[in-house]
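Chain and residue survey
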Amino acid sequence: MNALIIFGLLLALMLTGMPISISLGLTVLTFIFTMTDVPAMEVAHKLFTGIEKWEIMAVPFFILAGNFLTHGGVARRMINFATSMVGHFHGGLALASILACSMFALVCGSSVATVVAIGSIVLPAMVAHGYPMRFGAGVIITAGSLGILMLPSIPKVIYAISTNTSIGALFVAGLLPGIVLALMLAAVTWWIARRNNYPRLARVGWGARFKAFRESFWGLLLVVIIVGGIWSGAFTATEAAAMAAVYSFFVSIFVYKDLKLKQVPKVLRDSANMSAMLLYIITNAVLFSFVLTNENLPHQLADWLLSMNLGQHGFLFVVNLVLLGAGNFMDPSSIILIMAPIFFPAAMQLGVNPVHFGILIDVNMEVGLCHPPVGLNLYVASGISKLGITELTKAVMPWLLTMIAFLILVTYWPWLTLVVPHAMGML
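Residues numbered from 1 in each chain as written. Predicted model: local features only at pLDDT ≥ 70, side-chain atom pairs only at ≥ 80, totals over all residues. Heavy atoms only, no water.

Per an unreviewed UniProt entry, the chain goes by TRAP transporter large permease protein and derives from Pelomonas candidula. Looking at the chain in UniProt, the text filed under Subunit (unreviewed entry) is "The complex comprises the extracytoplasmic solute receptor protein and the two transmembrane proteins." The Function (unreviewed entry) comment attached to the chain in UniProt states, word for word, "Part of the tripartite ATP-independent periplasmic (TRAP) transport system." (UniProt positions renumbered as here; feature names shortened; annotations may be inferred.)

Below you can see the structure in the form of structure tokens.
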């Protein structure tokens, strides 16, 4: 009954159009002060201690690194390198955008930043070369979602904090699935482009390719720094985020020189605004988790799920359905903070690896970013392409269906997720 009251109240508040962070906070306060004996001092204590975890510092650092990379010319150089490698295939610019999104995702950790950085450059170029805007937008919306699956990822950090899972293992676990998804999206793109005879660029020589690689080298080196540092034990995942922010600043200002010193305050303000929004959601979600734990609801819900005798495969199917449904009206961070503590105990009792479970949730969040009504990638692409959400929803369908097929693959083939962290000794 308590679970029904809590989630019913939360849903009712969200349906009024209230922001998820405010809905979480009001749900918690209403329940605590009317149905429990928890003192107000405990609520205040939880508010301040909820974001004291060292791992949470990775969130603002990765946001800052992503903003420096977006404004510092890294994306443009990655696009040039990607175009030199695959531009001569059918739909060459579209394929190059997928490859560029993959490379940018390796160092960014944000899907929205990936769509902005790559889409704002590639989409106008695709239209100029004769591609339909709908085709280009469909590619960018889905390829941009790689930003939260590849190495660094803010949703991975939030999941790790919620479940006490290794952030480093989660980072590298997304590498191989990210490559597989990029290849699947590229295959669909090539097939559509070939069928419609979309333009191809002229093949360039290896000299031009090496020159493009050399120019993008400093951005790609960040991948080596993050993975190498975590793997070698030189620094933790949180320290890797700080290193990424400092390195991105250095490359953008002193190496590529596309970002001027006078622009840095604006980048810092934008990063602070985004960080404050996420940390406020995290704080309220910590309160929400405290209420659930205080009422022993996660374990009760886990026992209820286990009593249904779904088995591991049936349980994961139900989790996917719930997460895909939640993606219709909540953002990824909120979904993870609310759902992960509920499903995690049951997943552990059924023998699901916590890293595999984290990547499964991450892929569900990717899908949620690409469909209405709250898919952030759709709205960002709409702002760049000037197309309506309805038109973009139709345009993205071939790639969105591909992502759902990929979700099934990740769900029922854990080896794809776990082989890299096992090989690196992180599991």
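Once the structure has been displayed, the description carries forward.
1. Some thoughts on the pattern of salt bridges
Enumeration according to the criterion identifies four salt bridges in this entry. Of the charged contacts, one joins Lys266 and Asp270 as a salt bridge, the two residues approaching to 2.9 Å between their closest N and O atoms. In this pair, Lys266 and Asp270 are both assigned in helix H14 (residues 264-294), four residues apart and thus about one turn of the helix distant. For Asp270, a relative accessible area of 30% corresponds to the partly exposed category. Connected via shared salt-bridge partners are Arg76, Arg77 and Asp258. (Salt bridge = Lys/Arg side-chain N within 4 Å of Asp/Glu carboxyl O. Helix = DSSP H or I, 4+ residues; strand = E, 2+ residues; numbered from the N terminus. Buried < 20%, exposed > 50% of the residue type's maximum accessible area, 1.4 Å probe, protein only.)

2. Thoughts on helix H4 (residues 58-71)
Given a rise of 1.5 Å per residue, 14 residues ought to cover 20 Å, and the 20 Å separating the end C-alpha atoms of H4 matches this to within 8%. With 11 of its 14 residues buried, H4 lies for the most part within the structure. Those residues of H4 lying buried are Ala58, Val59, Pro60, Phe62, Ile63, Leu64, Ala65, Gly66, Asn67, Phe68 and Leu69. Positive backbone phi, at 85°, marks Gly73, one or two positions downstream of H4. (Expected span 1.5 Å × (residues − 1).)

3. A look at the packing of helix H8 (residues 133-144) against helix H19 (residues 376-385)
Relative orientation of the contacting elements H8 and H19 amounts to 145°, with a least axis distance of 10 Å. Crossing angle aside, the handedness with which H8 passes H19 is right-handed. In this structure, H8 uses Met133, Ile141 and Gly144 to contact H19, whose residues at the interface are Asn377, Leu378, Ala381 and Ser385. Of the residues in the contact of H8 with H19, the class split is four nonpolar, three polar and no charged. (Axes fitted to C-alpha atoms, helices over the stretch in contact; angles between N-to-C directions. Left-handed = near helix turned anticlockwise from the far one by under 90°. Contact = heavy atoms within 4.5 Å. Nonpolar A, V, L, I, M, F, W, Y, C, P; charged D, E, K, R; others polar.)

4. Brief notes about the side chain of Arg209
For Arg209, the location among the structural elements is in helix H12 (residues 206-232). Despite its burial, Arg209 pairs with no opposite charge; the closest candidate is Glu215, at 14 Å N-O. (Lys, Arg positive; Asp, Glu negative; His and termini not counted.)

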